[in-house]
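# Overview (structure and organization)
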Amino acid sequence: MNKKCSKCGVEKKLSDFRNRNEYKTGLHVMSWCRVCHNNLCIEYRKKNIEKMRKWQNEYYKVRKVKDRKKLFARYQVLKALRTNKIQKSPCEVCKVVKVQAHHEDYSKPLEIKWLCKKHHFEKHQVHHLQ
Ligand SMILES: [Zn+2]
Ligand SMILES: [Zn+2]
Ligand SMILES: [Zn+2]
C-alpha cells in the first residue's frame, strides 16, 4: 500500500511515513513522508540556532557595555580618591569603616554609595531580584 506525501507529492511506502507512536511534538504532520519531516526538523533547528545566536550576541553586547561602564566608573572612583576629590565614608547601613564603592548608575561614576562588603553584596542581590 502506498501513500502520497502531502509535502513533496511523491507516493511512498507506508513505512516511509511515521506511525502514530512517533509523533511526539506538534511539529509533525501525519501525511508527510520521513524525508520531508527530516528536512523540516533540520530547518526548524537551524532557525532556532540562528535565533539563539542572535539573542546571545545581543546579550553579550549589552553585558560588554555594562562591564566597560563599570570598569570606567571604578577607575574614576580610584582617581577621585587619590586626588582627594571624594572621601570614603562608613557603610550607610552598619557604619563599618572598610567600604566599597557602589554605583546605582555606572554612567555617574562619582555618585557613590559606600557600603561594606556584606551590604554591598546584599544590594546587588536585591538588584538581581528586581
Ligand atoms: Zn515527502
Ligand atoms: Zn554594612
Ligand atoms: Zn555595587
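Numbering of residues begins from 1 in every chain and follows the order in which that chain's sequence is written. To read the labels, note that chains go from A and ligands from 1, taken in the order they are written. Under the rules for a predicted model, residues below a pLDDT of 70 receive no local features and side-chain atom pairs below 80 are neither given nor counted, while totals for whole chains, interfaces and linings still include all residues.

## Thoughts on the nonpolar core
As a reminder, the rule being used: What we call a nonpolar core is a set of buried Ala, Val, Leu, Ile, Met, Phe, Trp, Tyr and Cys residues whose membership is set by joining through C-beta atoms within 7 Å. Each residue is classified by how many other C-beta atoms fall within 10 Å of its C-beta atom, where C-beta atoms are placed from the backbone; a count of 20 or more means buried, 12 or fewer means exposed, and values in between mean partly exposed. For every residue pair, C-beta atoms are placed from the backbone, and the pair is scored as a contact if these atoms sit within 7 Å.
Within the largest apolar cluster, six residues are counted, these being Cys91, Val99, Ala101, Ile112, Trp114 and Leu115. Beyond its immediate stretch of four places on either side in the chain, Cys91 contacts Val96, Val99, Trp114, Leu115, Cys116 and His119.

## So, the confidence of the model for the protein
Predicted coordinates in regions of low pLDDT should not be interpreted in detail. Applied cut-off: Per-residue confidence from the predictor is given as pLDDT, running between 0 and 100. Here a helix means four or more residues in a row that DSSP labels H or I, a strand means two or more in a row labelled E, and each is numbered from the N terminus.
Averaged over all residues, the pLDDT of the protein is 89; the fraction at 70 or higher stands at 89%. Mean pLDDT values for the elements of the protein range from 83 in helix H2 (residues 117-129) up to 96 in strand S4 (residues 112-115).

## Observations concerning the environment of Ser6
Tracing the chain through its elements places Ser6 in the loop between strand S1 (2-4) and strand S2 (11-13). For the pair Ser6 and Ser31, spaced 25 residues apart in sequence, the C-alpha separation works out to 5.7 Å. Ignoring any residue separated from it by four or fewer positions in sequence, one finds Ser6 in contact with Ser31 and Trp32.

## Here's the deal with helix H1 (residues 34-82)
Selection criterion: A helix is expected to span 1.5 Å for every residue after the first.
Between its terminal C-alpha atoms H1 stretches 71 Å, which fits the 72 Å expected from 49 residues at 1.5 Å a residue. Of all 49 residues making up H1, only two are buried, and the element is barely covered by its neighbours. In the stretch just after H1, Asn84 is the one whose phi turns positive, near 60°.

## So, unusual backbone geometry
Even without being a glycine, Asn84 presents a positive backbone phi close to 60°. Mapped onto the fold, Asn84 is located in the loop between H1 and strand S3 (100-103). A residue is classified by how many C-beta atoms lie within 10 Å of it, and Asn84, with 7 of them, is exposed. The backbone of Lys95 shows a phi angle near 70°, a positive value even though the residue is not glycine. Mapped onto the secondary structure, Lys95 falls in the loop between H1 and S3.

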